[in-house]
Amino acid sequence: MFHLFSGLDFWIGASLVLALAFVLAFEFINGFHDTANAVATVIYTKAMPPHLAVMLSGVFNFLGVLLGGVGVAYAIVHLLPVELLINVDTGQGLAMVFAMLTAAIAWNLGTWYFGIPASSSHTLIGSILGVGLANALLTDLPLGEGVNWNKAIDIGLSLVVSPVAGCVVAGCLLLLFKRWWPASKMHKTPEQRREIDSKKHPPFWNRLVLVLSAMGVSFVHGSNDGQKGIGLIMLVLIGIVPAQFVLNESSTTYQIDRTRDAATHLSAFYHRNQATLDDYLALSKSRDNGAELPKHFRCHPQLTLATIDALQADLRGVTRYSDLSPAKRVDIRRYLLCLDDTAKKVATLDGLQDRDRADLNQLRADLTATTEYAPLWVIVAVALALGAGTMVGWRRVVLTVGEKIGKQGMTYAQGMSAQLTAVAAIGMANVFSLPVSTTHVLSSGVAGTMIANKSGLHHGTIRTILLAWVLTLPASMLLAAGLFWLGVSIIG
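This one's a predicted model, so the numbers in the text were calculated from it and none came from an experiment.

Scanning the protein chain from terminus to terminus reveals 21 helices and zero strands. Relative to its full complement of 492 residues, the protein chain shows a buried share of 55%. Excluding contacts between residues fewer than 6 apart, the proportion of contacts in the protein chain whose partners are at least 24 apart in sequence is 82%. By element, 64% of the accessible surface of the protein chain is carried by carbon and sulfur atoms, the whole surface being about 20,600 Å².

Once that is clear, we can look at the pattern of salt bridges. Pairs may arise between side chains of opposite charge once their charged atoms sit close together. Across all of its chains, the model carries ten salt bridges by this definition. The salt bridge involving Asp 341 is made with Lys 345; its shortest N-O contact spans 3.1 Å. With Asp 341 and Lys 345 both in helix H15 (residues 326-346) and four residues apart, the pair spans about one turn of that helix. Residues joined by salt bridges that share partners form a network here, namely Asp 341, Lys 344 and Lys 345.

If you walk through the whole model with that rule in mind, you get zero disulfides. No disulfide involves Cys 167; its sulfur sits 9.2 Å from the nearest other cysteine sulfur, which is in Cys 172. The class of Cys 167 is partly exposed, set by a relative accessible area of 24%.

To continue, consider the side chain of Ser 218. Following the sequence through the fold, Ser 218 ends up in helix H9 (residues 204-240). Setting aside residues no more than four positions away along its own chain, Ser 218 makes contact with Ala 38, Ser 57, Phe 60 and Asn 61.

All right, on to helix H11 (residues 253-272) then. Helix length check: H11, at 20 residues, gives a terminal C-alpha distance of 28 Å against a target of 28 Å (1.5 Å per residue), a fit within 8%. Every buried residue belonging to H11 is among Ile 256, Thr 259, Arg 260, Ala 262, Ala 263, Leu 266, Ser 267, Phe 269 and Tyr 270, and all of these are buried.

A word on the confidence of the model for the protein chain. Of the residues in the protein chain, 88% reach a pLDDT of 70 or more, and the chain-wide mean stands at 81. When mean pLDDT is taken per element in the protein chain, H11 scores highest with 92 and helix H18 (residues 395-404) scores lowest with 54.

Let us now look at the environment of Thr 41. Positionally, Thr 41 belongs in helix H1 (residues 10-44). A sequence separation of 172 residues divides Thr 41 from Ser 213, and the C-alpha atoms of the two residues are 9.9 Å apart. If sequence neighbours within four positions are ignored, Thr 41 has contacts with Met 410, Gly 415 and Gln 419.

Further remarks concern the packing of aromatic side chains. Following the criterion strictly, the structure yields five aromatic pairs and no others. Measuring from centroid to centroid gives 5.3 Å for Phe 22 and Phe 98, while their planes differ by 90°, and the two rings are edge-to-face. With Phe 22 in helix H1 and Phe 98 in helix H5 (residues 90-113), this pair connects stretches of sequence that are 76 residues apart. Judged by its relative accessible area of 24%, Phe 22 falls in the partly exposed class.

Another point: a nonpolar patch on the surface. Where nonpolar side chains cluster on the molecular surface, the patch consists of Leu 52, Met 55, Val 59, Leu 63, Leu 66, Leu 67, Leu 376 and Met 391 and spans about 700 Å² of accessible area. Among the elements that line the nonpolar patch, the one with the most residues is helix H2 (residues 50-67), at six residues. Leu 66 sits in the partly exposed class, given a relative accessible area of 31%.

Okay, the nonpolar core next. Counting residues in each nonpolar core, the largest one holds 94 residues, and the members touching the most others are Leu 237 and Tyr 270. For Tyr 270, the contacting residues outside a window of four places in its chain are Leu 277, Leu 281, Leu 283, Thr 304, Thr 342, Ala 343, Val 346 and Leu 360. In this structure, Ala 53, Val 54, Leu 174 and Ala 452 belong to the second largest nonpolar core, which totals 18 residues.

What follows covers the packing of H11 against helix H14 (residues 304-315). Contact pair H11 / H14: the axes reach a minimum separation of 10 Å and the direction vectors enclose 155°. Taken together, H11 and H14 sit at an angle that is classed as roughly antiparallel. Along this stretch, H11 crosses H14, giving a crossing that reads as left-handed. Residues Ile 256, Thr 259, Arg 260, Ala 263, Thr 264, Leu 266, Ser 267, Tyr 270 and His 271 of H11 form the contact with H14, whose own contacting residues are Thr 304, Leu 305, Ile 308, Leu 311, Gln 312 and Leu 315. Split into classes, the residues belonging to the contact of H11 with H14 amount to eight nonpolar, six polar and one charged.

The next thing to look at is unusual backbone geometry. It is generally the case that most residues other than glycine have a negative phi and that most peptide bonds are trans. With a phi angle near 65°, Lys 46 is a residue other than glycine that sits in the positive phi range. Turning to its location among the elements, Lys 46 is positioned in the loop between H1 and H2. With relative accessibility at 31%, the residue Lys 46 sits in the partly exposed group. The backbone of Ser 433 sits at a positive phi, close to 55°, despite the residue not being glycine. Along the chain, Ser 433 turns up in the loop between helix H19 (412-431) and helix H20 (438-452). What makes Ser 433 partly exposed here is its relative accessible area of 25%.

This brings us to the side chain of Ser 15. Counting through the fold element by element, Ser 15 comes out in helix H1. A residue is classified by how much of its surface remains accessible, and Ser 15, at 15% relative accessible area, is buried.

Our next topic: helix H17 (residues 376-390). Across its 15 residues, H17 extends 21 Å between first and last C-alpha, which sits within 8% of the 21 Å expected from 1.5 Å per residue. What H17 keeps buried is the set Val 378, Ile 379, Val 382, Ala 383, Ala 385, Leu 386, Gly 387, Gly 389 and Thr 390.

Moving on, we come to the environment of Met 416. Within the secondary structure, Met 416 sits in helix H19. C-alpha of Met 416 to C-alpha of Val 446: the two residues are 30 residues apart in sequence and 9.6 Å apart in space. Among all residues touching Met 416, those that are not within four sequence positions of it are Phe 177, Met 186, Asn 206, Val 209 and Leu 210.

Now for the environment of Thr 264. Examined against the element boundaries, Thr 264 turns out to sit in helix H11. A relative accessible area of 39% places Thr 264 in the partly exposed class. Measuring from C-alpha to C-alpha, the distance between Thr 264 and Leu 363 comes to 9.9 Å, with 99 residues separating the pair along the chain.

The rules behind the values
- Residues numbered from 1 in each chain as written.
- Predicted model: local features only at pLDDT ≥ 70, side-chain atom pairs only at ≥ 80, totals over all residues.
- Heavy atoms only, no water.
- Helix = DSSP H or I, 4+ residues; strand = E, 2+ residues; numbered from the N terminus.
- Buried < 20%, exposed > 50% of the residue type's maximum accessible area, 1.4 Å probe, protein only.
- Contact = heavy atoms within 4.5 Å.
- Areas by Shrake-Rupley, 256 points an atom, 1.4 Å probe, with all protein chains shown as cover.
- Salt bridge = Lys/Arg side-chain N within 4 Å of Asp/Glu carboxyl O.
- Disulfide = S-S within 2.5 Å.
- Expected span 1.5 Å × (residues − 1).
- pLDDT = per-residue confidence, 0-100.
- Phe/Tyr/Trp six-rings, centres within 6.5 Å; stacked < 30°, edge-to-face > 60°.
- Patch = residues over 30% accessible without salt bridge, like charges linked within 9 Å, V, L, I, M, F, W, Y side chains within 5 Å.
- Core = buried A, V, L, I, M, F, W, Y, C linked by side-chain atoms within 4.5 Å.
- Axes fitted to C-alpha atoms, helices over the stretch in contact; angles between N-to-C directions.
- Parallel < 35°, antiparallel > 145°, perpendicular 65-115°, else oblique.
- Left-handed = near helix turned anticlockwise from the far one by under 90°.
- Nonpolar A, V, L, I, M, F, W, Y, C, P; charged D, E, K, R; others polar.

Dropping the structure here:
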């Protein structure tokens, strides 16, 4: 990783070190902020000693990051509009990165200090949206183009639906436990277990499920939330040292050939569907008049064929990206991102058959195979930061989840229901590359079990959690937007 500092000016190198430190600090804070939720039930129910639970949770968070892929990472990155991603310079990249990270870290530390199970996902996404909107205002772009709203809506729906689903599913699962095993000891709280049975720990099978599901929550948390840190680091690297990271220099000749072939097949696809796509892509005009790219590169659907031609020309005979000049690698990434962005919009147009949409999505995957990546050292660094953060600072949130959501203590069955639901919900989100909030899925699951158990809810705690849920997004947006404006003003 140290080669990335070669040839850099001192202030750019120092800024890069500081930006990477900020990302890892965010992931460290995320570790003790969000992962406390993963071990809250297993600690509260005495299924595991606190320090053993936290240590194992850190290990499983580490493994989750290593094995989780990069789908969620780039879902976060692509919240920013493609125009900003392809035209960001070093100064603007620094302002963007530090605004997002400072806003996210400040809000996370504040909510952790007061023991509020707020969402790091909401915080980060709000910060990214704030930077995108601020950039639109500063560059006189329409606000509608300041953010990738289609991706923002998809992510927003996942953040809204997941806690609601967690509440309902966890409550239903508890009711099933009560119906199937009404007299089971799983329906006792740790206090009742100690007073009635003179036992400190849950029954063996309940304890096993609690432990395994807690480690499962830690693993899926790592694979979901850890990817957000990976996405942030890639934004840092592409924004500050683009020449080395705009394309995956480890790409094989086969992968480069596949990218080139995808562009060829994409052109053939558009011409095959010319009757449907001609107005949107101006295929006839491009073909007849030999349209060329403007000197100041920009993405536009009617420049699609010219972009394909430029990409194929730049990739002709290329077997290794490292053989290309830095400027040429930047150009190729711009072409690939624009073609992917246009293909994504084309897939939403009326008139295409389902099989054509499936073909288009496969071509998109081939186009981005060498741009959506992360070096191993990035993945390991994020995994270590998240795992280390897990091992500190967990006490505040554990108390809130275990005792302050419901008016009665949590039973073993409630803990199992909430954790199993969280594993399923976050695991499904990983499959579809959608970021969700571990905090809100688990805490809403606990609330759902309290309602199903007729235990009643601590309205003050629920009100605080809901208030944090509502305020996190706009607060982080405003904070990040203000910091970005300040940073651009200082730099410019």
